[in-house]
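Here is what each chain is made of, one letter per residue.
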Amino acid sequence: MTEAPTSQRWPIIPTIIVAAACATMIALGVWQWGRAGEKDALLATYERNRTAESIALPMAGPMPDSAMFRRASATCLEVVAWRPMGGRSVDGRSGYRFLAECKRGAEGPGFIVDMGVSEDAQFSPQWTGGEVSGIATTEPVEGGLIATLMGTRPIPRPMIVSATPAPGLLASAPPDPSSVPNNHIAYAGQWFFFALAAAVIYVLALRRRRREGQGH
């Protein structure tokens, strides 16, 4: 029995396509693996920030890593609007936290202050501005990975979770670096698995094709 030519055992174009796809997935896995180390270093910075000296809240986003989860202060000249959204108080109660959109200057950029939590979504805070201090973070914004890649996701503005709540509100739970996940190792594993699965499926498909061809 003569052996089938290599081009028949391994079709050139389909094999190139599958090999390229597997190589791309492996490269993505390696990239995610490297990102895991970078994320660990970033989380370590966040932990150090928690005990660092207080700073003035940065004027505009994007927030520098050196300011995230750090004690900060700012002056809210005027509350432009209130935005309620789901949240939790410092003692663990669920409710609605009230985010104040603040003016910082006559023409300068604004910032956000989380002034506390209420169980009533219709609560109307009476706080009109002033000096605030608490933990620095960024405002919650809508839009996921696709919006980020397309450039349509807005840059989050600086935000302070105030240590002193507005009258009638409970202090919000301060942001915690432990809530920032490091999923890059899991993502790397997924890409490696996808590459292996694609290669195995392709080999099995070729074997089935050869068996069917030998049966005729």
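Throughout, a residue's number is its position along its own chain's written sequence, starting from 1. In keeping with the model being predicted, local features are shown solely for residues with a pLDDT of at least 70 and side-chain atom pairs are shown and tallied solely at 80 or more, while totals for entire chains, interfaces and linings include all residues. Side-chain measures were taken over the full set of non-hydrogen atoms in the model, leaving aside hydrogen atoms and water.

A. Focus on the overall build of the protein chain. Helical segments are the DSSP runs of H or I of at least four residues, strand segments are the runs of E of at least two, and each set is numbered from the N terminus. Per the secondary structure count, the protein chain includes 4 helices and 7 strands. Order of helices (α) and strands (β) in the protein chain, N terminus to C terminus: α-α-β-β-β-β-β-β-α-β-α. Summary of the burial criterion: residues with accessible area below 20% of their type's maximum are buried, those above 50% are exposed, and those between are partly exposed, where the area comes from a 1.4 Å probe applied to protein chains only. The 216 residues of the protein chain split such that 30% are buried. Partitioning the intrachain contacts of the protein chain with sequence separation of at least 6 by distance along the chain shows that 62% fall at a separation of at least 24. Only the protein chains shown count as cover for residues, with accessible areas throughout obtained via the Shrake-Rupley method and a probe of 1.4 Å. As presented, the protein chain carries roughly 13300 Å² of accessible surface, and 60% of it is formed by carbon and sulfur atoms. The contact definition used throughout considers only heavy atoms, calling two residues in contact when any of these lie within 4.5 Å.

B. Spotlight on the packing of aromatic side chains. In this scheme Phe, Tyr and Trp rings, the latter by its six-membered ring, pair at centre separations within 6.5 Å, and the angle between planes marks the pair as stacked below 30 degrees, edge-to-face above 60, and tilted otherwise. Applying the stated criterion across every chain yields a total of 5 aromatic pairs. Measuring from centroid to centroid gives 6.4 Å for Trp 82 and Trp 127, while their planes differ by 70°, and the two rings are edge-to-face. Here Trp 82, found in strand β3 (residues 78-88), pairs with Trp 127, found in the loop between β5 (111-118) and β6 (130-138); they are 45 residues apart in sequence, far enough to count as distant. For the pair Phe 98 and Phe 123, a centre-to-centre distance of 5.8 Å together with 70° between the ring planes defines the contact as edge-to-face. Separated by 25 residues along the polypeptide, Phe 98 in strand β4 (residues 94-103) and Phe 123 in the loop between β5 and β6 bring together distant segments of the chain. When its relative accessible area of 2% is taken as the criterion, Phe 98 is described as buried. Given a relative accessible area of 25%, Phe 123 falls into the partly exposed group.

C. Representation of the sheet that holds strand β2 (residues 71-76) in the model. If you trace the 7 strands from one edge of the open sheet to the other, you get β1-β2-β6-β7-β5-β4-β3, paired in mixed fashion. Whereas interior strands pair on both sides, the edge strands pair on one side only; in this sheet they are β1 (55-56) and β3. Strand pairing is defined by DSSP finding a minimum of two bridges between the two strands. Sheet analysis places β3 next to β4, joined by 10 bridges and oriented antiparallel. Looking at the pairing, Val 79 lines up with Cys 102 of β4.

D. Just the state of the cysteines, in detail. Any two cysteine sulfur atoms lying within 2.5 Å of each other are counted as a disulfide. Taken as a whole and assessed by the stated rule, the structure comprises 1 disulfide. One disulfide in the model links Cys 76 with Cys 102; its S-S distance is 2.2 Å. Between Cys 76 and Cys 102, the S-S dihedral sits near -95°, and the bridge is therefore left-handed. Of this pair, Cys 76 sits in strand β2 while Cys 102 sits in strand β4, and the two are 26 residues apart along the sequence. Among the residues examined, Cys 76 registers a relative accessible area of 2% and is labelled buried. Take Cys 102: its relative accessible area is 4%, and that puts it in the buried class.

E. Here's a closer look at unusual backbone geometry. For Phe 69, which is not a glycine, the phi torsion comes out positive at approximately 65°. Turning to its location among the elements, Phe 69 is positioned in the loop between β1 and β2. The class for Phe 69 is buried, based on a relative accessible area of 5%.

F. Layout of the pattern of salt bridges. What counts as a salt bridge is simple: a side-chain nitrogen of Lys or Arg found within 4 Å of a carboxyl oxygen of Asp or Glu. In the structure shown here, the tally under the stated rule is 10 salt bridges. The partner of Arg 35 in a salt bridge is Glu 38, with the nearest N and O atoms 2.9 Å apart. Here Arg 35 pairs with Glu 38, and both are found in helix α2 (residues 12-49), just 3 residues apart, close to one helical turn. Given the relative accessible area of 29%, Arg 35 is considered partly exposed. Judged by its relative accessible area of 47%, Glu 38 is partly exposed. Ionic pairing is found between Asp 176 and Arg 50, a salt bridge with its closest N-O pair at 3.5 Å. Of this pair, Asp 176 sits in the loop between β7 (158-162) and α4 (184-214) while Arg 50 sits in the loop between α2 and β1, and the two are 126 residues apart along the sequence. The partly exposed category is assigned to Arg 50, whose relative accessible area is 40%. It is possible to trace a salt-bridge network through shared partners that takes in Arg 83, Glu 101, Glu 139 and Arg 157.

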